[in-house]
Amino acid sequence: MVNHQLIGTITVARNLDTALLRSFVAIAETGGVTSAARQLHQTQGAVSQQLKRLEDQLGQPLFDRVGRGLALAPAGERLLGRAQRMLALNDEIWTSMRKPEMTGRVRFGVPHDLVAPLVPPLLKRFARTWPRVQVELVSTITKTLLEELQGGTIDLCLTTELGCGRGGETLKRDRLVWVHARGGTAWQRRPLPYAAGDQSCCFRSSALGALDRADIAYELHADGTSYMQPLLVTVEAELAVATLLASCLPPGLEPVPPVAGLPALPDFAINLYRRPAGLSLAGESLAAHVRDGFVDTGIRAHAA
């Protein structure tokens, strides 16, 4: 993206600094300077200065300050898509010129509830960087994924657990919440209709334990299913409530209102595990992409 200014018969090139663009895009994508600084491994002050320099160069504000937050200004809206494309091309050129072409196949396991909201952007960025690496996505419950990891049938996996097991690292902690169809009333019924899912699911055991302690009667729906779609359909049809991580709610579902009086639920960890026998270069590269794709909102664990 080069602007030219004609002075007499001399054309002067004005080049945009990709470092400034990267800070702008990070702020726009993460929603704030603090989270952008964390993603870029820079100080908040450095990211703020880079944004100001870019705004000075372009001669117009890119964000509107709304309270303590930031919202894209009209100029920022016009710039964002172009800046993302420019950075993608920059990264593609850098990778192709600095690193040898990598090939291989990586088997990546992800729990059902994390696939749709979290995985597509991670794999999209990875495929853009390493187009010749084949990623085989495996989606099932956490218990099965850990078993397959130990058996060597997958190379790395994400899990949702109350804690973090040996050999894993916590990428993010998130709240488990009661959810229902947007504007629905299933939460008002007693016994409470609960879409329970697979019996080995730790969301299920946490929810049922909380209901028992609160002495709230319940009845099970979608009982024993190990697939996400039947559970979501049951909730979307206003037949039951369910429990999901707050950051992973699909369209059409929302948290049950506090007036429902349902018991509080524990936080869960989203963990990353590698195959005990070790990973190929392609596998380690995917693990790094997954880790870098998470904005840490809780406690980042050391390798257990």
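In this text the structure is predicted, and so the values were computed from the model without any measurement. (Residues numbered from 1 in each chain as written. Predicted model: local features only at pLDDT ≥ 70, side-chain atom pairs only at ≥ 80, totals over all residues. Heavy atoms only, no water.)

Q: Is there a simple way to think about the overall build of the protein chain in this case?
A: Each helix and strand counted, the protein chain has nine helices and 13 strands in total. Overall, the protein chain is about 80 × 50 × 30 Å in size when its C-alpha atoms are taken along their principal axes. Out of the 304 residues belonging to the protein chain, those deemed buried represent 41%. Put simply, 74% of the contacts in the protein chain that link residues at least 6 apart link residues at least 24 apart. (Helix = DSSP H or I, 4+ residues; strand = E, 2+ residues; numbered from the N terminus. Buried < 20%, exposed > 50% of the residue type's maximum accessible area, 1.4 Å probe, protein only. Contact = heavy atoms within 4.5 Å.)

Q: Is there a simple way to think about the layout of surface pockets in this case?
A: In this approach, a probe sized like a water molecule rolls over the atoms, and the result shows the empty space that is left. Put simply, the largest pocket is a space of about 1300 Å³. If you go around the largest pocket, you meet 30 residues; those closest to its centre are Arg-22, Gln-39, Asp-91, Arg-125 and Arg-128. Residue assignment for the lining of the largest pocket shows that the elements contributing at least two residues are α1 (18-30), α2 (33-40), α4 (74-98), α5 (112-129) and α9 (281-292). In terms of residues, the lining of the largest pocket owes the most to one element, α4, which gives nine residues. (1 Å grid on protein atoms, 1.4 Å probe; cavity = no way out; pocket = protein on both sides within 12 Å on 5 of 7 lines; lining within 4 Å. Points joined across faces, edges and corners; volume = space filled by probe spheres on them.)

Q: Before we go on, may I ask you to explain the packing of α1 against helix α3 (residues 44-58) in this structure?
A: Think of two packed helices as two axes; the pair is described by the angle between the axes and how far apart they sit. The N-to-C vectors of α1 and α3 enclose an angle of 110 degrees; their axes lie 9 Å apart at closest approach. What the angle tells us is that α1 and α3 run roughly perpendicular. The crossing of α1 and α3 is left-handed. Here Ala-19, Leu-20, Leu-21, Ser-23, Phe-24 and Ile-27 of α1 lie close against α3, whose contacting residues are Val-47, Gln-50, Leu-51, Arg-53, Leu-54 and Gln-57. Class assignment of the residues belonging to the contact of α1 with α3 gives a composition of eight nonpolar, three polar and one charged. (Axes fitted to C-alpha atoms, helices over the stretch in contact; angles between N-to-C directions. Parallel < 35°, antiparallel > 145°, perpendicular 65-115°, else oblique. Left-handed = near helix turned anticlockwise from the far one by under 90°. Nonpolar A, V, L, I, M, F, W, Y, C, P; charged D, E, K, R; others polar.)

Q: Sorry, what's going on with the packing of α5 against α9 here?
A: Running from N to C, α5 and α9 point in directions that differ by 135 degrees, and their axes come no closer than 10 Å. If you check the angle between α5 and α9, you find them oblique. In the crossing of α5 with α9, the sense of the turn from one axis to the other is right-handed. Residues Leu-122, Leu-123, Arg-125, Phe-126 and Thr-129 of α5 pack against Ala-282, Ser-285, Leu-286, His-289 and Val-290 of α9. Looking at side-chain class alone, the contact of α5 with α9 contains six nonpolar, three polar and one charged residues.

Q: So what exactly am I meant to see when it comes to the packing of aromatic side chains here?
A: One pair of aromatic rings is described through two measures. These are the centre distance and the angle between the planes. Per the stated rule, a full pass over the model turns up three aromatic pairs. Plain terms: the ring middles of Phe-24 and Phe-63 are 5.5 Å apart, the flat faces sit at 55 degrees to each other, and that makes the pair tilted. Separated by 39 residues along the polypeptide, Phe-24 in helix α1 and Phe-63 in strand β3 (residues 63-66) bring together distant segments of the chain. Each of the two residues, Phe-24 as well as Phe-63, counts as buried. Ring plane angle 80 degrees and centroid distance 4.9 Å describe the contact between Phe-203 and Phe-268, whose orientation is recorded as edge-to-face. Placement of Phe-203 in helix α7 (residues 202-213) and of Phe-268 in strand β13 (residues 267-274) is noted, with a sequence separation of 65 residues between them. Given a relative accessible area of 5%, Phe-203 falls into the buried group. Here Phe-268 falls in the buried class, since its relative accessible area comes to 0%. (Phe/Tyr/Trp six-rings, centres within 6.5 Å; stacked < 30°, edge-to-face > 60°.)

Q: I'm lost on the pattern of salt bridges in this one. Help?
A: Under the counting rule described, the total for this entry stands at 13 salt bridges. Here Arg-275 and Asp-155 are joined by a salt bridge, their closest N and O atoms 3.3 Å apart. Of the two residues, Arg-275 is situated in the loop between β13 and α9 and Asp-155 in the loop between α6 (142-151) and β7 (156-161); the sequence distance between them amounts to 120 residues. One salt-bridge network, in which partners are shared between bridges, spans Glu-169, Arg-274, Glu-284 and Arg-291. (Salt bridge = Lys/Arg side-chain N within 4 Å of Asp/Glu carboxyl O.)

Q: I tried to follow α7 on my own but got confused; where do I start?
A: Since the α-helix advances by 3.6 residues per turn, residues separated by three or four positions end up pointing in the same direction. In a regular helix each residue adds 1.5 Å, so 12 residues correspond to 16 Å; α7 covers 16 Å between its end C-alpha atoms and thus fits that length. Residues of α7 that are buried include every one of Phe-203, Arg-204, Ser-206, Ala-207, Leu-208, Gly-209, Ala-210 and Leu-211, and no others. Once α7 finishes, Asp-215 follows within two positions and takes phi at roughly 60 degrees, a positive value. (Expected span 1.5 Å × (residues − 1).)

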